Amino acid sequence: MPESTQQTPATPQRLDALVVGGGISGIYQLYRLKELGLDVRLLEAGSGVGGVWYWNRYPGARFDSESYTYGYFFSEELLDEWQWSEEYAGQPETERYLNHVVDRFGMRDLVLLEQRVTSAVYDEEAHEWTVTTAAGDVFRTRFLVTALGILSAPQFPRVPGLEDFTGEWHHTGLWPDTEVDFTGKRVAVLGTGSSGVQIIPFIAERCASLAVFQRTPNWCTPINNSPITPERARDIRSRIREIYEATQLSPSGSMHRPMTESSLDMDPEERRAHFDRLYNAPGLTMALANFRDVALDKSANAALTDFLSEKIRSRVADPQIAERLIPRDHGFGQKRPPLENGYYEVYNRDNVTLVSTAEETIERFTPTGIQTDRQHYDVDLIVFATGFAAVVGSYDRIDIRGVGGARLADHWAAGPRTYLGMQSAGFPNLFMVGGPQSTAGNIPRATEPQVDVVTACIAHMRENGLTEVTVTEAAEDEWIEHVNSGIVGTLQETAESWAFGSNVPGRQRVYLLYAGGLPQYRRKVAEAVESGYRGFAFSAA
Ligand code: NAP
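Note that the structure is a prediction, hence the values are computed from the model and not measured.

Engineer: Got a sec to walk through the site of the ligand? Specific residues and values, please.
Structural biologist: Near the ligand lie 21 residues; those nearest to it are Ser 195, Arg 215, Thr 216, Arg 336 and Trp 498. In the model, an oxygen atom of the ligand is placed 3.4 Å from a nitrogen or oxygen of the Gly 193 main chain. A total of 910 Å² of accessible area belongs to the ligand in isolation, and the protein chains cover 85% of it. Looking at side-chain class alone, the shell around the ligand contains seven nonpolar, nine polar and five charged residues.

Engineer: Tell me about the environment of Leu 79, and name the residues and values.
Structural biologist: Mapped onto the elements of the fold, Leu 79 is located in helix α4 (residues 76-81). As a C-alpha pair, Leu 79 and Arg 237 span 158 residues in sequence and 7.4 Å in three-dimensional space. With residues up to four places along the chain from it excluded, the contact list for Leu 79 reads Tyr 72, Phe 73, Arg 237, Ile 240 and Arg 241.

Engineer: How would you explain the packing of aromatic side chains if you had to name every residue and give the values?
Structural biologist: Overall, the coordinates contain 37 aromatic pairs when judged by the stated rule. Relative to Trp 169, the ring of Phe 156 lies with its centre 5.6 Å away and its plane at 85°, an arrangement referred to as edge-to-face. A residue pair is termed long-range when its members are at least 10 positions apart, and Phe 156 in the loop between β6 (138-146) and β7 (168-171) and Trp 169 in strand β7 qualify at 13 residues. Taking 6.1 Å as the distance between ring centres and 80° as the angle between the ring planes, the aromatic pair formed by Tyr 533 and Phe 536 counts as edge-to-face. Its relative accessible area of 12% is what places Phe 536 among the buried residues. By way of ring pairs, the aromatic residues Tyr 28, Tyr 31, Trp 53, Phe 63, Tyr 70, Tyr 72, Phe 74, Trp 82, Trp 84, Tyr 97 and Phe 105 are connected into one cluster. Geometry around Tyr 54 places Arg 57 over its ring, the cationic atom sitting 5.0 Å from the centre. One cation-aromatic arrangement involves Arg 206 over Phe 202; the distance from NZ or CZ to the ring centre is 3.6 Å.

Engineer: Hey, could you go over the domain arrangement of the protein chain for me, with residue numbers and the actual values?
Structural biologist: Domains assigned within the protein chain are domain 1 (13-153 + 390-539), domain 2 (158-218 + 348-387) and domain 3 (250-337). The straight-line distance from the C-alpha centre of domain 2 to that of domain 3 is 28 Å. Across the boundary between the two partners, domain 2 contributes eight residues, which contact 11 residues of domain 3. Buried area between domain 2 and domain 3, both sides added, is near 830 Å², and the carbon and sulfur share of it is 48%. Summed over the three residues of domain 2 that lose the most area to domain 3, namely Asn 218, Asn 348 and Leu 354, the buried surface amounts to 52% of that side. For the interface between domain 2 and domain 3, the tally reads one salt bridge.

Engineer: So, the sheet that holds strand β15 (residues 376-378): which residues are in play, and what are the values?
Structural biologist: Strand pairing in a sheet takes place through backbone hydrogen bonds and is either antiparallel or parallel in direction. What the three strands build is an open sheet, ordered β13-β14-β15; its pairing is antiparallel. In this open sheet, the two strands that pair with only one neighbour each are β13 (362-366) and β15. The mean inter-strand angle of the sheet, taken between neighbouring strand axes irrespective of direction, is 20°. Relative to strand β14 (residues 369-372), β13 runs antiparallel, the two being bridged by four bridges. By the bridge assignment for β14, Phe 365 is matched with Ile 370.

Engineer: Tell me about helix α9 (residues 268-279), and name the residues and values.
Structural biologist: With 12 residues, α9 ought to run about 16 Å at 1.5 Å a step, and its terminal C-alpha atoms sit 16 Å apart, in line with that. Within the span of α9, buried status applies to Arg 271, His 274, Phe 275, Leu 278 and Tyr 279. With its buried residues spanning 145° around the axis, α9 presents them on a single face. Along α9, the residues that are exposed and aim more than 90 degrees away from the buried face are Glu 269 and Arg 277. The secondary structure elements touched by the buried residues of α9 are β10 (221-222), α10 (285-288) and α11 (298-315).

Engineer: I'd love a proper account of the sheet that holds strand β8 (residues 186-190), names of residues and values included.
Structural biologist: Spatially, β7-β16-β8-β9-β12 is the arrangement adopted by the five strands of the open sheet, whose pairing is parallel. Strand pairing shows two members of the sheet lacking a second neighbour, β7 and β12 (352-356), which therefore form its edges. Sheet twist, expressed as the mean angle between neighbouring strand axes with direction ignored, is 15°. Where β8 and strand β16 (residues 381-384) come together, four bridges link them in parallel fashion. Bridging across to β16, Val 187 finds its partner in Leu 381.

Reading the values: the criteria
Residues numbered from 1 in each chain as written. Predicted model: local features only at pLDDT ≥ 70, side-chain atom pairs only at ≥ 80, totals over all residues. Heavy atoms only, no water. Near = heavy atom within 4 Å. Polar contact = N/O pair within 3.5 Å; in protein donor to acceptor, adjacent residues only side chain to side chain. Areas by Shrake-Rupley, 256 points an atom, 1.4 Å probe, with all protein chains shown as cover. Nonpolar A, V, L, I, M, F, W, Y, C, P; charged D, E, K, R; others polar. Helix = DSSP H or I, 4+ residues; strand = E, 2+ residues; numbered from the N terminus. Contact = heavy atoms within 4.5 Å. Phe/Tyr/Trp six-rings, centres within 6.5 Å; stacked < 30°, edge-to-face > 60°. Buried < 20%, exposed > 50% of the residue type's maximum accessible area, 1.4 Å probe, protein only. Lys NZ or Arg CZ within 6 Å of the ring centre and 35° of its normal. Domains from an automatic or database assignment. Buried area = accessible area lost by both parts, 1.4 Å probe. Salt bridge = Lys/Arg side-chain N within 4 Å of Asp/Glu carboxyl O. Pairing = 2+ DSSP bridges. Axes fitted to C-alpha atoms, helices over the stretch in contact; angles between N-to-C directions. Expected span 1.5 Å × (residues − 1). Arc of directions from axis to C-beta.

As structure tokens, then:
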């Protein structure tokens with residue numbers, strides 16, 4: 001729900017452009033608009049920059065993309081001076097990197113921290129936005145760019161009684177910057193998605209006891225992380241442009257591309273040996289560089305999940321627990337698969353219990369723990385690894401009003417409506433970077449072309465004395481049809497996941513991202529720009 005918008009300080013600060021969100025995409029947008037010579041600021045709700053790498057500071061948080069494909073590529077000097085320590089760097093290193101970029105490129109004074117935006121209202125006469133923050137500050141800006149992140153509105157279980165719980169609790173997406181001590185404590189973790197799978201092994205090694213509340217198991221594969229030696233770093237640096245080109249050709253914006261071969265054409269032994277190689281390969285190789293038909297054909301997918309089920313059985317000592325950890329409701333890759341490091345072995349420890357909420361319903365939180373319909377779990381500390389109101393959740397938290405006072409929330413009532421994932425009809429001069437109906441995958445590679453187009457569009461407008469850019473509902477309809485054509489018929493379409501908003505009770509099931517892949521997305525955007533900003537309409541005040 002939008003927060004209060006009642007405070008109105010005397011003098012709004014006037015700007016050319018305002019970026020909302022200090023994550024990897026917002027920082028890049030700030031850099032580009034500053035470079036263009038605009039009077040620009042960035043508003044960030046947190047006390048530091050980093051976005052997901054600021055908020056998700058839970059132990060175990062790390063990349064699932066290769067570190068050197070995740071950062072920025074706009075500066076040779078930056079590429080020279082920054083060396084990642086691991087193939088998949090941990091959260092503290094990524095947060096340090098983003099802070100380094102902010103300082104290195106003179107952006108620190110342009111970033112205003114602890115400024116949560118509560119409302120944005122368009123003035124159709126002046127072609128300007130009035131943006132208000134929870135602190136009561138007001139900004140007037142011609143251009144508003146939201147870089148809110150697709151996974152930034154934390155989601156809690158709709159279970160009563162948390163206010164009665166007298167112990168400590170934390171959400172992985174709101175982790176404190178002081179150390180959380182698990183030593184000797186009785187801990188419960190709710191959720192076994194990517195975040196849960198990363199934090200659970202860390203807690204298990206330290207706590208007195210751990211109860212993992214699992215609603216749906218996931219297909220987790222080993223991260224197979226390793227340090228980057230100085231020799232490897234030199235090799236990466238020498239091939240960095242080649243690596244970047246590879247990310248541009250990959251649907252996910254990563255180093256990986258699906259194979260062209262069909263797994264079903266292969267002899268079962270040969271197929272198994274191939275799956276084994278992928279299982280032992282680093283990162284998301286299994287998900288992103290597998291046989292093409294694994295994502296499209298049920299039997300090809302079943303051959304892989306049979307293989308993965310055997311892996312789980314071989315790693316978990318108790319056969320009943322192993323069976324509970326094997327997903328039955330979805331195939332591999334229908335949801336983003338968590339990467340793990342010793343996750344399955346956690347269930348071989350004496351201090352760990354797996355509670356399936358499919359078999360045992362959580363009824364409420366109590367002063368001393370968690371009550372299910374079978375028993376009470378006494379705990380000192382609860383960790384919510386229960387995910388996010390994805391993609392549109394961060395927009396729901398801001399009262400955004402466009403032409404005629406129309407609310408963005410109403411315009412999106414039946415699901416998000418955008419053109420190119422970047423603008424919505426009736427909300428001129430508001431650009432979205434990393435918003436709905438655009439590619440996800442390796443996020444900085446996905447949002448980079450959007451930032452570049454926003455920057456080019458603003459430059460075009462300033463050169464031509466234009467003060468307003470908007471898109472039509474017809475352009476939105478065309479984009480929505482294109483977005484839907486990319487997901488219909490895939491195996492992904494049939495799974496319940498945050499990409500469809502399925503994890504938010506009561507939310508209409510609509511695909512929230514763009515499944516057509518980054519190369520196609522970039523082509524679509526380039527076509528629109530090269531044909532004179534097709535779908536956009538410009539005017540001057
Ligand atoms: P998530 O994938 O949505 O997982 C949330 C977990 O909480 C699920 O297991 C969910 O069960 C469970 N849950 C939700 N409500 C519950 C309830 N009331 N009772 C019991 N369990 C409940 O969220 P996430 O793990 O934070 O990850 C979200 C996304 O962030 C990932 O898919 C990934 O894209 C990204 N991420 C990436 C990394 C990385 O490796 N770089 C790390 C963390 C996150 P259901 O499955 O039944 O809904």
